[in-house]
Amino acid sequence: MTFSQPYRYALSFLLAVTLIFVLVFFAGSDLLDVVKATDRSLLLTALVLSMTTYPIASLRWWLISNHLAGARVDSFLGFLRARVTLGLGGLVGPREIVETGGRAVWLAKFRQQTNTRAMQSVLIDRVCDLGISGIALVGCAALFLSWLEPAESLLLLISVCVGFVFIVPLVQTFLQKQFPSLTQQSQDSSAMVPTGFKLALSKLKTAVLQTLAISPQVVLASLALSLIKFLILILRAAVLATAVGVAIEPTAVAAAAPVGQLANLLAITPGGFGAYEASWFGLLQLLGVAIAPAVAFVLLQRVCELFSVLSMLPALIGGPSTFSIKK
């Protein structure tokens, strides 16, 4: 850790606390009234939905990793335990670095995968997540640009996501059949490219070609799991909106969910605290939600995010250490 890193962390932590404090301050005493009036059964439903996200994401990562390795890298429980452990670390550090980078390190160091295969496994896993959220922005744009009503925007959002899940494997199958040479390794002999840049291009090309060579069935399964997880998150958002009495259609909150999820990637605070809440708050303000219900919503969203990982703690009890080298 360099001399300046503790100060950067302290500043980002201070920013997270400040953002949350500002939101609570602006909500005032009305926030307590909204929280007291929250529908407990709907809140419980949101918490139950949250419990499914880590198992679904871990199953996707497990499928991809085993397929790339051509063998059983570890049990599903092993992947779940690794993901939960790193998820806990992501609560106090840069989430993407800790969780995404940590998973690649876990595969390479503790499960004897090559660095390329480990990084490829995590990269494909993340692309599946981001691909669904990214394509769903079509429905979000229709909502915020007032092209469609909330329910219609949500229907468009789901339709393009479902289409994406099935189209990608079809395109991949077509390319594999029509251009089988695309999946073969080739050397770039250009002497005009600097050595360092040439090496980086070679590694990128190798990763792309290896990804194209993956079984379309595995890609379909991975994207389907990503879609299921994504639909659970937007359903959770709609349920929470109803629970706190947000005075807009739940479908509008659900249609806005992809923007809130993607905004979490840009968070510079530990665990995304504060930044995630501020992003969602801004979205709800654009949709015309009153301040107190909006703040109650974003705070309960954070509770659900925390519960999604904390509810998986029993999986860490017993058995061999997740971060021991597997023989």
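Residues numbered from 1 in each chain as written. Predicted model: local features only at pLDDT ≥ 70, side-chain atom pairs only at ≥ 80, totals over all residues. Heavy atoms only, no water.

Student: How do you make sense of unusual backbone geometry when you look at a structure like this?
Tutor: Glycine aside, residues mostly have negative phi, and peptide bonds are mostly found in the trans state. With a phi angle near 55°, Gln112 is a residue other than glycine that sits in the positive phi range. Relative to the assigned elements, Gln112 resides in the loop between helix 6 (95–110) and helix 7 (115–135). (Helix = DSSP H or I, 4+ residues; strand = E, 2+ residues; numbered from the N terminus.)

Student: Explanation requested: empty space enclosed by the protein in the structure shown.
Tutor: Scanning the entire structure with this criterion turns up 1 cavity of 30 Å³ or more. Taken as a whole, the largest cavity encloses approximately 590 Å³ of empty space. Around the largest cavity sit 32 residues that line it, and Arg95, Arg126, Asp129, Lys229 and Gln261 are the ones nearest its centre. Within the residue set of the lining of the largest cavity, elements represented by two or more residues are helix 4 (53–69), helix 5 (76–89), helix 6, helix 7, helix 11 (216–243), helix 12 (250–263) and helix 14 (291–310). Among the residues forming the lining of the largest cavity, the class breakdown is 11 nonpolar, 10 polar and 11 charged. (1 Å grid on protein atoms, 1.4 Å probe; cavity = no way out; pocket = protein on both sides within 12 Å on 5 of 7 lines; lining within 4 Å. Points joined across faces, edges and corners; volume = space filled by probe spheres on them. Nonpolar A, V, L, I, M, F, W, Y, C, P; charged D, E, K, R; others polar.)

Student: Quick question: what am I supposed to make of helix 12 here?
Tutor: Along an α-helix, residues three or four positions apart point the same way, because every turn accommodates 3.6 residues. Under the 1.5 Å per step criterion, the end-to-end length of helix 12 is 20 Å for 14 residues, consistent within 8% with the ideal 20 Å. Where helix 12 bends most, the angle comes to about 40°, and this point is Ala256, followed within four residues by the proline Pro258. Of all 14 residues making up helix 12, 11 are buried, and the element is well covered by its neighbours. For helix 12, the full list of buried residues reads Ala252, Val253, Ala254, Ala255, Ala256, Ala257, Pro258, Gly260, Gln261, Leu262 and Ala263. Against helix 7, helix 8 (137–144), helix 9 (150–178), helix 11, helix 13 (275–286) and helix 14 lie the buried residues of helix 12. (Expected span 1.5 Å × (residues − 1). Bend = angle between axes of the 7 residues up to and from the residue. Buried < 20%, exposed > 50% of the residue type's maximum accessible area, 1.4 Å probe, protein only. Contact = heavy atoms within 4.5 Å.)

Student: Explain the nonpolar core to me, please; I cannot follow it from the model alone.
Tutor: A general tendency of soluble globular proteins is for nonpolar side chains to be buried together. One finds Val253, Trp280, Leu284 and Phe297 to be the most contacted residues of the largest nonpolar core, which totals 59 residues. Not counting the four nearest positions on each side in its chain, Trp280 is found in contact with Ala237, Val253, Ala256, Ala257, Gly260, Phe297, Val298 and Gln301. (Core = buried A, V, L, I, M, F, W, Y, C linked by side-chain atoms within 4.5 Å.)

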